[in-house]
Amino acid sequence: MTTSKNIEKFLLTEMGADVGKQSLDPDEDLLDQRIIDSMGILKLVVFLEKAHNIKVLDEEVVPENFQSINSMIKFIEQKTVQK
């Protein structure tokens, strides 16, 4: 499963159940659409850390890194290059 599909599946099953969506556009603003909120970001951080073997620092928990699936992929790629 691709990183994009993995994140999408997590979002739809863990956070998007009440929004009635079957899929998400990779550039969709997840915060603006209220698919994720501040608590959702915390769940997402834990998921991404485990799924991609990365450590998300407190200062990296900003909307820009979690606003869309594509922004998360970019963030993960940056974190894995830093290892």
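All values reported here derive from a predicted model rather than from experimental measurement.

Thresholds applied
Residues numbered from 1 in each chain as written. Predicted model: local features only at pLDDT ≥ 70, side-chain atom pairs only at ≥ 80, totals over all residues. Heavy atoms only, no water. Axes fitted to C-alpha atoms, helices over the stretch in contact; angles between N-to-C directions. Helix = DSSP H or I, 4+ residues; strand = E, 2+ residues; numbered from the N terminus. Parallel < 35°, antiparallel > 145°, perpendicular 65-115°, else oblique. Left-handed = near helix turned anticlockwise from the far one by under 90°. Contact = heavy atoms within 4.5 Å. Nonpolar A, V, L, I, M, F, W, Y, C, P; charged D, E, K, R; others polar. Salt bridge = Lys/Arg side-chain N within 4 Å of Asp/Glu carboxyl O. Buried < 20%, exposed > 50% of the residue type's maximum accessible area, 1.4 Å probe, protein only.

Asks: For this particular structure, what's the right way to read the packing of helix α1 (residues 3-15) against helix α2 (residues 38-52)?
Replies: Helix-helix packing is characterised by the crossing angle of the two axes and by the distance between the axes. Relative orientation of the contacting elements α1 and α2 amounts to 140 degrees, with a least axis distance of 11 Å. Taken together, α1 and α2 sit at an angle that is classed as oblique. Both α1 and α2 take part in a crossing whose hand is right-handed. Every residue of α2 that contacts α1 at Thr-3, Asn-6, Ile-7, Phe-10, Leu-11, Glu-14 and Met-15 is listed here: Gly-40, Lys-43, Leu-44, Phe-47, Leu-48, Ala-51 and His-52. Its residues placed into classes, the contact of α1 with α2 shows eight nonpolar, four polar and two charged.

Asks: Help me out: how do you make sense of the pattern of salt bridges in this one?
Replies: Scanning the entire structure with this criterion turns up four salt bridges. In this structure, Lys-55 and Glu-49 form a salt bridge, with 3.8 Å as the shortest nitrogen-oxygen distance. Relative accessible area serves as the criterion here: at 53%, Lys-55 is assigned to the exposed category. In this structure, Lys-79 engages Glu-60 in a salt bridge whose closest nitrogen and oxygen atoms are separated by 2.9 Å. With Lys-79 in helix α4 (residues 69-82) and Glu-60 in the loop between α2 and α3 (63-66), this residue pair connects regions lying 19 residues apart in the sequence. Looking at Lys-79, the relative accessible area reads 9%, which means it is buried. Note on Glu-60: relative accessible area 14%, which makes it buried.

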